[in-house]
Amino acid sequence: MEEINVEDFKEKIENNNTVLLLDVREPFEQYQSNISYDNSTLIPVGELGDRLDEIEDHKNGEVVCMCRSGGRSADACKLLEKEGFENVKNLKGGINEWAKKIDTSLPVY
């Protein structure tokens with residue numbers, strides 16, 4: 001599975017808003033810490049298999065999966081790849097890495 005580091009992802013979303021950020025955390029986690037990006041959606045990893053239709057239009061585009069630290073999003077990447085998504089990446093270190101290196105105003109949890 002391919003990974004993208006937070007620095008490269010920040011640069012990518014600043015220059016190209018066609019990338020889908022798929023947040024696979026639970027809703028309460030998004031309230032604690034979140035990347036402000038218009039082209040993002042929240043589907044908890046446990047619901048992803050049943051909700052693929054919500055992101056079907058991104059099947060041929062770039063999808064970056066994110067969770068707290070990278071474990072659940074790695075599982076999401078594997079599921080998406082199995083379902084035929086062509087360009088899937090895992091955000092290395094998740095939101096906590098983003099909070100440490102990109103937006104230090106966010107809490108690490």
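Please refer to the structure placed before this passage.
Keep in mind that this is a model prediction, so the values were computed, not measured. (Residues numbered from 1 in each chain as written. Predicted model: local features only at pLDDT ≥ 70, side-chain atom pairs only at ≥ 80, totals over all residues. Heavy atoms only, no water.)

Asker: In this structure, what is going on with the packing of aromatic side chains? I would like to understand it.
Answerer: Centre-to-centre distance and the angle between the planes together describe a pair of aromatic rings. Taken as a whole, this structure holds two aromatic pairs when the rule is applied. Geometrically, the ring pair formed by Phe9 and Tyr37 is edge-to-face, given 6.4 Å between the ring centres and 75 degrees between the ring planes. Placement of the pair is Phe9 in helix α1 (residues 6-15) and Tyr37 in the loop between α2 (27-32) and β3 (40-42), with a sequence separation of 28 residues. Measuring from ring centre to ring centre gives 6.0 Å for Phe9 and Trp98, while their planes differ by 65 degrees; the resulting arrangement is edge-to-face. You can see Phe9 sitting in helix α1 and its partner Trp98 sitting in helix α5 (residues 94-101), a full 89 residues away along the chain. An aromatic cluster is present here, built from Phe9, Tyr37 and Trp98 joined pairwise through their rings. (Phe/Tyr/Trp six-rings, centres within 6.5 Å; stacked < 30°, edge-to-face > 60°. Helix = DSSP H or I, 4+ residues; strand = E, 2+ residues; numbered from the N terminus.)

Asker: I'm lost on the sheet that holds strand β4 (residues 62-66) in this one. Help?
Answerer: Whenever strands of a sheet pair, they do so through backbone hydrogen bonds, lying parallel or antiparallel. The strand order β1-β5-β4-β2-β3 describes an open sheet built from five strands, whose pairing is parallel. Strand pairing shows two members of the sheet lacking a second neighbour, β1 (2-4) and β3, which therefore form its edges. Between one strand axis and the next, the sheet turns by 30 degrees as a mean value, whatever way the strands run. Judged from the three bridges that link them, strand β2 (residues 20-23) and β3 form a sheet pairing that is parallel. (Pairing = 2+ DSSP bridges. Axes fitted to C-alpha atoms, helices over the stretch in contact; angles between N-to-C directions.)

Asker: Any chance you could explain helix α4 (residues 71-82) here in plain terms?
Answerer: Side chains of residues three or four places apart in an α-helix project in the same direction, reflecting 3.6 residues per turn. For α4, with 12 residues, the first-to-last C-alpha span of 17 Å sits near the 16 Å given by 1.5 Å per residue. Within α4 the residues assigned to the buried category are Ser73, Ala74, Ala76, Cys77 and Leu80. Seen end-on, α4 carries its buried residues on one side only, within an arc spanning 160 degrees. In this structure, the buried residues of α4 make contact with β2, α3 (45-48), β4 and β5 (87-91). Just downstream of α4, Gly84 is the residue with a positive phi angle, here 95 degrees. (Expected span 1.5 Å × (residues − 1). Buried < 20%, exposed > 50% of the residue type's maximum accessible area, 1.4 Å probe, protein only. Arc of directions from axis to C-beta. Contact = heavy atoms within 4.5 Å.)

Asker: Please explain the pairing of β2 as it appears in this structure.
Answerer: Along β2, one buried face is formed by Leu20 and Leu22 and the opposite face, lined by Leu21 and Asp23, is buried too. Looking at chain direction, β2 and β4 are connected through four bridges and run parallel. For Leu20, the partnering residue across the bridge sits in β4 and is Val63. After leaving β2, the chain enters α2 and then returns to the sheet as β3, a path that is right-handed. (Right-handed = clockwise from strand over helix to strand, strands pointing away.)

Asker: What is the right way to look at empty space enclosed by the protein in this model?
Answerer: If a probe the size of a water molecule is rolled over the atoms, the empty space left behind becomes visible. Counted by the stated rule, this structure contains one cavity of 30 Å³ or more. Computed from the structure, the largest cavity encloses a volume of approximately 30 Å³. Along its surface, the largest cavity is lined by Leu21, Asp23, Gln30, Asn34, Ile35, Ser40, Thr41, Leu42 and Met66. Contributing elements (two or more residues each) for the lining of the largest cavity: β2 and β3. Broken down by element, the lining of the largest cavity gets its largest block of residues, three residues, from β3. Taken together, the residues that form the lining of the largest cavity break down as four nonpolar, four polar and one charged. (1 Å grid on protein atoms, 1.4 Å probe; cavity = no way out; pocket = protein on both sides within 12 Å on 5 of 7 lines; lining within 4 Å. Points joined across faces, edges and corners; volume = space filled by probe spheres on them. Nonpolar A, V, L, I, M, F, W, Y, C, P; charged D, E, K, R; others polar.)

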